[in-house]
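Fold and geometry: a report
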Amino acid sequence: MRVIDDVGYRPNAVARALAHGATRTLGLVIPPLQHRLNSEQLQFVGAVADAAADHDYDILLSPSGGDRERAFDKLVGEQRVDGILLMETRQHDDRARKLVASRFSVRDHRANRI
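Reading guide: rules and limits
Residues numbered from 1 in each chain as written. Predicted model: local features only at pLDDT ≥ 70, side-chain atom pairs only at ≥ 80, totals over all residues. Heavy atoms only, no water. Phe/Tyr/Trp six-rings, centres within 6.5 Å; stacked < 30°, edge-to-face > 60°. Lys NZ or Arg CZ within 6 Å of the ring centre and 35° of its normal. Pairing = 2+ DSSP bridges. Helix = DSSP H or I, 4+ residues; strand = E, 2+ residues; numbered from the N terminus. Axes fitted to C-alpha atoms, helices over the stretch in contact; angles between N-to-C directions. Contact = heavy atoms within 4.5 Å. Buried < 20%, exposed > 50% of the residue type's maximum accessible area, 1.4 Å probe, protein only.

Scanning the entire structure with this criterion turns up zero aromatic pairs. Lying over the aromatic face of tyrosine 57, arginine 24 brings its terminal NZ or CZ to 4.0 Å of the ring centre.

As structure tokens, this is what we get:
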């Protein structure tokens, strides 16, 4: 442990993710950034970040909508995160359908439905 401290060793997150099969990162899909986030949305983002930190998770923000759908597809398809939270879902949301088709489990906080 002294040598680790002396050389300033820090674990490599990528290597840990490969070894453990988990990134310890959650994706938070936010509305397109051409519209600034309002104070309620920023409070939500902050609350998500605080809750994640309480459980030793990091947050990766990813905009979606419009020309940003490709970023969402990468987030899901490349398994960069252990879980994804969708902010501001629509009644018939293609992003939720993509998550259902992926390896991620899906919960709707409003009524436990997709």
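Moving on, we get to the sheet that holds strand β1 (residues 25-30). On the basis of which strands lie adjacent, the open sheet formed by three strands has the order β2-β1-β3 and parallel pairing. Among the strands making up the open sheet, the edge pair consists of β2 (58-63) and β3 (83-86). Along the sheet, successive strands turn relative to each other by an average axial angle of 25 degrees, direction set aside. Where β1 lies against β3, four bridges are found, and the strand directions are parallel. Its bridge partner being in β3, leucine 28 is matched across the sheet by leucine 85. In this fold helix α4 (residues 69-77) packs onto β1, β2 and β3, with an angle of close to 145 degrees to the strand it touches most, β2.

Moving on: the environment of glutamate 69. Secondary-structure assignment places glutamate 69 in helix α4. A relative accessible area of 23% places glutamate 69 in the partly exposed class. Here the alpha-carbon distance between glutamate 69 and arginine 95, two residues 26 residues apart in the chain, equals 8.6 Å. In this structure glutamate 69 touches Ser64, Arg95 and Lys98, once residues within four positions along its chain are discounted.

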